[in-house]
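Summary of structural features
Chain by chain, the residues:
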Amino acid sequence: MPFRATDSKAVSAPDTDVIIDWVSTFLTSTQLEGSKGNPDAPYNGARIVAMMSASAYDIVSANPSEGRDLYNITSGLFLEKPLNFSAEAAINKASHYIFSDQFGAQDTLFDEQYDLSKAEISDGGVSDAVIIASEEFGEKVAKEMLTAREDDGTDNNTPFPWPTEGDTFSWRPHPYNGNGNVGGPNRGDIKPFILPDIKDLHSYSAINNQDNLLITGKDGEIDLRLNYRPTDGDGTRYTREYETARVYGVENETPLTQVAWDADQRAIGEWYSQDEEDSWQPWGLPNYMAMAIAVSEGNTLEQNAQLFATLHSAMADGVTSAWHSKFKGVIPRPAQVVNDFAFNDNANDAQSNSDDHQVVYDPLWRTGLDNIIQGQISPPFPDYVSGHSGMYGAWSSVMEAYFGDDYDFSAGSQTLEGHMRDFDGYEDPITGAQRSSFKEVAMECAASRLYWGSHTPSATGASFITGQNIGNYAISNEIFGKPLTNAGFDGIPNWAPFATEYTANPILPLVEIGDPILGPSPFFS
């Protein structure tokens, strides 16, 4: 079980800096608010922390004369930076200003963190006059960021136009009567952080890249396209996608559903979940890993500002891209197909395979999510594609650029305490190429959403692919400059979107129709 937050507590850890302290505090704020029954959606936290870290970049890392262009502030404001300047004080003020404005429910914690960091800066020998001048600059940077994001689409509450009644195969909120919560139907149209505009970002989404999601190579083929509705082809893809999700995503064996997962696959599902209301939420674990690596590498403040600006901005756009596909395709989650009798019956009737090739209805089928949030067996948004996978895909491309493709590390997880995972890379199942530890993390996260019962294989695999390419766009276009932490990095030569050389492929099971694992459990016979 994860650590349960009970108190607000400001952060001051050895060998950290004001950026890592503030990101850590924001993770805590999300957890604290969730413990009160107000969990944060993944797209909210990703957006807010991107605003903070991009502001920190403008304060300390941006330097046009060295090839690191200003991200958001004007050149006029850049020239207002005081001669006697404390970047720590400016970032402390900007972080407090942005987080308090965007997540005011945790004002007390943010005030505590601001006071602690300010006292440490003062104790470090920075004069009051320098702190005051630096804070004034930091507040101006924060205000420019808030102005830039004021009308970015976050507050768009336009009701979602549900598919017509004639479309019997579309996602509905759980319970599947139209009265459940709908998670962010307009969040696929948020102003991007990395791409120039929303049309450019949509051009990277899975729903608009179906040709790039039938992937072939010397070692085989993987199909991650949205072609698994019951009326697509002969219905075989529909059956295989949802039957795979049924046997790999079930928490415990039932009379109708056998367990296909092994112990490690089950651990992967829980390790990456971050679905608990009082957890960090999905964007927390990749931040935790990135911060641990930054501390172990002894990053400077300037390096961390650039790293986290790139990381958070790419992750935020990865989530937005996923939400665009989710509410364009409106594809049902596995729970809806397996667990709802009327829906299952209608979907099976719509496909042309024989009765032996249909998705099994199982009223006792439950996922790991139901065990931690009673009554919720799937998140409140559609299947295709996974938000987790898109976020981690973007994360992996950025981390690889900043720390190299030969970097091994280990990490623990908040949602499976005591279980450490070691990452040293993996062999791509399609190309045979050796992929980095960072791609391994993202690939495992993609697989975890199948093992947790949240997604079909294609929904989570497709987002892993698109997320990587959003991260690659940020690196190739040097949105925040060349990585300061990786002096030998020479960019992404001849990169083009979805280029095979720079896009790792997922390892995901897909059962064959007729496989005995799809039959009733022998233990209940």
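For the structure, see preceding data.
Remember, it's a predicted structure, so these values are computed and weren't measured experimentally. Once a new chain begins, its residue numbering starts again from 1 and follows that chain's sequence as written. With the structure being a predicted model, the display of local features is reserved for residues of pLDDT at least 70 and the display and counting of side-chain atom pairs for 80 or more, all residues being used for whole-chain, interface and lining totals. Water and hydrogen atoms were dropped before computing side-chain values, which therefore reflect all heavy atoms in the structure.

A look at the overall build of the chain
Applied cut-off: Helix numbers and strand numbers start at the N terminus; a helix is a DSSP run of H or I with at least 4 residues, a strand a run of E with at least 2. By definition, residues are in contact when any of their heavy atoms lie within 4.5 Å. Using a 1.4 Å probe, accessible areas were evaluated by the Shrake-Rupley method; residue-level cover was limited to the displayed protein chains. The sign given to each residue is positive for Lys and Arg and negative for Asp and Glu; His and the chain ends receive no count. Charged side chains are reduced to one point each, which is NZ for Lys, CZ for Arg, CG for Asp and CD for Glu.
Assigned secondary structure in the chain consists of 17 helices and six strands. For the chain, long-range pairs separated by at least 24 residues make up 79% of all intrachain contacts whose partners lie at least 6 apart in sequence. Looking at the chain as shown, the accessible area adds up to about 19,800 Å², and 47% of this sits on carbon and sulfur atoms. Charge separation in the chain, taken as the distance between the mean sites of 31 positive and 76 negative side-chain charges, equals 4 Å.

Focus: the environment of Ser-313
With respect to the element layout, Ser-313 can be found in helix α11 (residues 301–329). Residues Ser-313 and Gly-124, 189 residues apart in the sequence, show an inter-C-alpha distance of 31 Å. With residues up to four places along the chain from it excluded, the contact list for Ser-313 reads Ala-50, Phe-193, Ile-194, Phe-308 and Phe-480.

Details of helix α8 (residues 236–249)
Going by this rule: A helix's residues, less one, multiplied by 1.5 Å, set its expected span. Exposure is judged per residue with a 1.4 Å probe applied to protein chains only, and the accessible area is read against the type maximum: over 50% gives exposed, under 20% gives buried, and values in between give partly exposed.
Between its first and last C-alpha atoms α8 spans 19 Å; for 14 residues at 1.5 Å apiece the expected length is 20 Å, and the two agree. For α8, the tally of buried residues reaches 13 of 14 residues, placing the bulk of the element in the interior.

Observations regarding the packing of helix α1 (residues 18–35) against helix α4 (residues 87–102)
Keep this limit in mind: Convention adopted: a line fitted to C-alpha atoms gives each axis, helices being fitted over their contacting stretch, and angles between N-to-C directions are expressed from 0 to 180 degrees. Each angle is binned into one of four classes, with values under 35 degrees roughly parallel, values over 145 roughly antiparallel, values of 65 to 115 roughly perpendicular, and all other values oblique. Left-handed describes a crossing in which the near helix is turned anticlockwise from the far one by less than a right angle; the clockwise case is right-handed. Think of it as three bins: nonpolar holds Ala, Val, Leu, Ile, Met, Phe, Trp, Tyr, Cys and Pro, charged holds Asp, Glu, Lys and Arg, and polar takes everything else, Gly as well.
One can describe the packing of α1 onto α4 by two numbers: an axis separation of 9 Å at closest approach and a directional angle of 20°. Taken together, α1 and α4 sit at an angle that is classed as roughly parallel. As α1 runs across α4, the sense of the crossing is right-handed. Taking contact as the criterion, the partners of Val-18, Ile-19, Trp-22 and Phe-26 in α1 are, on α4, Glu-88, Ile-91, Asn-92, Ser-95, His-96 and Phe-99. Along the lines of polarity and charge, the residues of the contact of α1 with α4 split into six nonpolar, three polar and one charged.

Side note on the side chain of Ser-95
Note that Ser-95 resides in helix α4. Assessed through its relative accessible area of 1%, Ser-95 is described here as buried. Excluding residues within four positions of it along the chain, Ser-95 makes contact with Trp-22 and Met-52.

Describing the environment of Gln-102
Examined against the element boundaries, Gln-102 turns out to sit in helix α4. By relative accessible area, Gln-102 is classed as partly exposed at 26%. Taking the C-alpha atoms as reference points, Gln-102 and Ser-53, separated by 49 residues in sequence, lie 14 Å from one another.

What about the pattern of salt bridges?
Put simply, the test is: Every case where a carboxyl oxygen of Asp or Glu lies within 4 Å of a side-chain nitrogen of Lys or Arg is listed as a salt bridge.
With the rule as written, the count across this model stands at 18 salt bridges. Note that Glu-66 is salt-bridged to Arg-68, the shortest N-O span being 2.6 Å. Judged by its relative accessible area of 5%, Arg-68 falls in the buried class. Across the pair Glu-80 and Lys-140 runs a salt bridge, and its minimum N-O distance is 2.8 Å. With Glu-80 in the loop between α3 (75–78) and α4 and Lys-140 in helix α6 (residues 128–149), this pair connects stretches of sequence that are 60 residues apart. The exposure class assigned to Glu-80 is partly exposed, which follows from its relative accessible area of 43%. Its relative accessible area of 40% is what places Lys-140 among the partly exposed residues. Overlapping salt bridges bring together Asp-223, Arg-225, Arg-237 and Glu-241 as one network.

With respect to the environment of Asn-186
Note on placement: Asn-186 falls in the loop between α6 and α7 (198–202). Sequence-wise, Asn-186 and Gly-387 are 201 residues apart; in three dimensions their C-alpha atoms are separated by 14 Å.

Brief notes about the packing of aromatic side chains
The cut-off we apply is this: Pairing of aromatic rings covers Phe, Tyr and the six-membered ring of Trp, with a centre-to-centre limit of 6.5 Å; geometry is then stacked below 30 degrees between planes, edge-to-face above 60, and tilted otherwise. Two thresholds decide whether a charge sits over a ring: the Lys NZ or Arg CZ must be within 6 Å of the ring centre and within 35 degrees of the ring normal.
On inspection of all chains with the given rule, the structure shows 34 aromatic pairs. Ring geometry for Trp-271 versus Tyr-272: centroids 4.7 Å apart, planes at 65°, classification edge-to-face. Considered together, Trp-271 and Tyr-272 belong to a single accessibility category, that of buried residues. An aromatic cluster of three or more residues is present, and its members are Trp-271, Tyr-272, Tyr-392, Trp-395, Phe-403, Tyr-407, Phe-409, Phe-423 and Phe-438. Sitting over the face of the ring of Trp-261, Arg-266 holds its NZ or CZ atom 5.2 Å from the ring centroid.

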